[in-house]
Amino acid sequence: MRTSLQSNDVETIMLKSLRAGSGEVDKIYIAVPANTRLAVLPPANKFKKAGIGLLLVKEDGSIEERIIPRPLRAEVPDLKTSEDL
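This section reports on the structure supplied with the text.

Rules used throughout
Residues numbered from 1 in each chain as written. Predicted model: local features only at pLDDT ≥ 70, side-chain atom pairs only at ≥ 80, totals over all residues. Heavy atoms only, no water. Helix = DSSP H or I, 4+ residues; strand = E, 2+ residues; numbered from the N terminus. Buried < 20%, exposed > 50% of the residue type's maximum accessible area, 1.4 Å probe, protein only. Contact = heavy atoms within 4.5 Å. Core = buried A, V, L, I, M, F, W, Y, C linked by side-chain atoms within 4.5 Å. Salt bridge = Lys/Arg side-chain N within 4 Å of Asp/Glu carboxyl O. Pairing = 2+ DSSP bridges. Axes fitted to C-alpha atoms, helices over the stretch in contact; angles between N-to-C directions.

### What about the overall build of the chain?
Tallying secondary structure elements over the chain gives 2 helices and 3 strands in all. Along the chain, helices and strands appear, N-terminal first, in the series α-β-α-β-β. Going through the 85 residues of the chain one by one, you find that 32% of them count as buried. The contacts of the chain with a sequence gap of at least 6 include a subset with a gap of at least 24, amounting to 60%.

Shown next as structure tokens:
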């Protein structure tokens, strides 16, 4: 049983989030525990290219916005059929 977060997992979440939110939401964030090794996440440029923000959630419940998302509603074409970021 795998319990660690992998870069592929996050990329899949990013793509699913974009597809689900296409035309429906203004911003998309992915939140991960602050103790997640950033090396297992996709590079920051993938988040920025997709317009997705990254939140780090600390043990005390506070949140750090590591990557600011781009407003999506007016910019994103229909991504429900897109194959990749």
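Having put the structure on the table, let's press on.
### Here we look at the nonpolar core
Side chains of a nonpolar character, in soluble globular proteins, are inclined to be buried together. Core analysis: the biggest nonpolar cluster contains 14 residues, and Met14, Ile30, Phe47, Ile52 and Leu54 have the highest contact counts within it. Counting residues per element, the ones that place at least two in this core are α1 (7–21), β1 (28–33), α2 (44–50) and β2 (52–57).

### With respect to the pattern of salt bridges
As enumerated under the stated definition, the model contains 1 salt bridge in all. Across the pair Glu64 and Arg66 runs a salt bridge, and its minimum N-O distance is 3.1 Å. Assessed through its relative accessible area of 28%, Glu64 is described here as partly exposed.

### Description of the sheet that holds strand β3 (residues 63–67)
Taken in spatial order, the 3 strands of this open sheet run β1-β2-β3, and their pairing is mixed. Looking at which strands have only one partner, the edges of the open sheet turn out to be β1 and β3. The mean inter-strand angle of the sheet, taken between neighbouring strand axes irrespective of direction, is 30°. One ladder, built from 6 bridges, connects β1 with β2; its direction is parallel. The residue of β2 that forms the bridge with Ile30 is Leu54.

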